[in-house]
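The residues making up each chain are set out below.
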Amino acid sequence: MDVTTTGFVALLLAALVVGFAKTCLGGAASIAVAVFAAVLPAKESTGTILPLLIVGDLFALAVYRRHADWGLLLRLFPSVAVGVLVGVAFVDAVSDTVMRRSIGGVLLALVVIHYVRVFRQRRAGDVVPASRGRRIAVGVFFGFVAGFTTMVANAGGAAMSIYLLTMGFGVMAFLGTGAWFFFIVNVFKLPFSVGLGLITLDSLRLDLLLLPAVVAGAFTGRWVAKRLDQKRFEHLVLAATTVSSANLLR
């Protein structure tokens, strides 16, 4: 790939964010996605960043693998798979601009919904827990959105982050469940990305040059995560999700 020096520096910083997001702030990965799309052709950028995301997933698993909620993951995966398959078809059906803006709008709406929910809970005091049927419906919705957005723009981290916060996960459970979720989903996406021509030998060569930045970001994220309390963690996750969603609307 023909990348300028300035563009390569931007990709290095984005790769650093990939590693950091995987071990600390999941929603921040969408910021890296936006940078890759700005430097490289939009569709090819999704294939280039995918192997880097998987490397980041491996670092996250090395640290947080024991903290996953497998019951929740197993309930999510069927709707996630449907979302990925719909996303494969969607990539060929619309322009890059329509795709990015649609996803950005959905993710911003999810952030607003989360804040409205928190506000209503604070006003109501003790809130009656949601019914089992409603919890299942919410899981199906977020699973589909996460699968769809991760296939078309590698932006599923934002939807998954909001869902895990909604479920009341602590920092370690949040990171462990997210690590397994995205490792499995990103590996599931690989053959589709190869089949669509999004991953090539040129993109893999570029990935090798960017790999050290992902590693550095992963270790940095781990150091920061140890020093975050729950409230600050939630605010940072939502802030990263909002910024990344706004980037997709441009």
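Now for a quick tour of the structure. Here the structure is a predicted model, which means the values were calculated and not measured. (Residues numbered from 1 in each chain as written. Predicted model: local features only at pLDDT ≥ 70, side-chain atom pairs only at ≥ 80, totals over all residues. Heavy atoms only, no water.)

Turning our attention to the overall build of the protein chain. A count of helical and extended segments in the protein chain gives 10 helices and zero strands. In the protein chain, the order of α-helices and β-strands from amino to carboxyl end is α-α-α-α-α-α-α-α-α-α. A buried classification covers 47% of the 250 residues belonging to the protein chain. Looking at the protein chain alone, contacts between residues at least 24 apart form 87% of all its contacts between residues at least 6 apart. (Helix = DSSP H or I, 4+ residues; strand = E, 2+ residues; numbered from the N terminus. Buried < 20%, exposed > 50% of the residue type's maximum accessible area, 1.4 Å probe, protein only. Contact = heavy atoms within 4.5 Å.)

Tallied over the entire structure, the rule returns two salt bridges. The partner of Asp202 in a salt bridge is Arg205, with the nearest N and O atoms 2.7 Å apart. Here Arg205 and Asp202 lie together in helix H9 (residues 201–225), a separation of three residues that amounts to about one turn. Owing to a relative accessible area of 40%, Asp202 belongs among the partly exposed residues under this scheme. (Salt bridge = Lys/Arg side-chain N within 4 Å of Asp/Glu carboxyl O.)

Two elements in contact, helix H1 (residues 5–23) and H9, have axes whose closest approach is 6 Å; the angle formed by their N-to-C orientations is 40°. When the axes of H1 and H9 are compared, the pair comes out oblique. For the pair H1 and H9, the crossing hand works out as right-handed. (Axes fitted to C-alpha atoms, helices over the stretch in contact; angles between N-to-C directions. Parallel < 35°, antiparallel > 145°, perpendicular 65-115°, else oblique. Left-handed = near helix turned anticlockwise from the far one by under 90°.)

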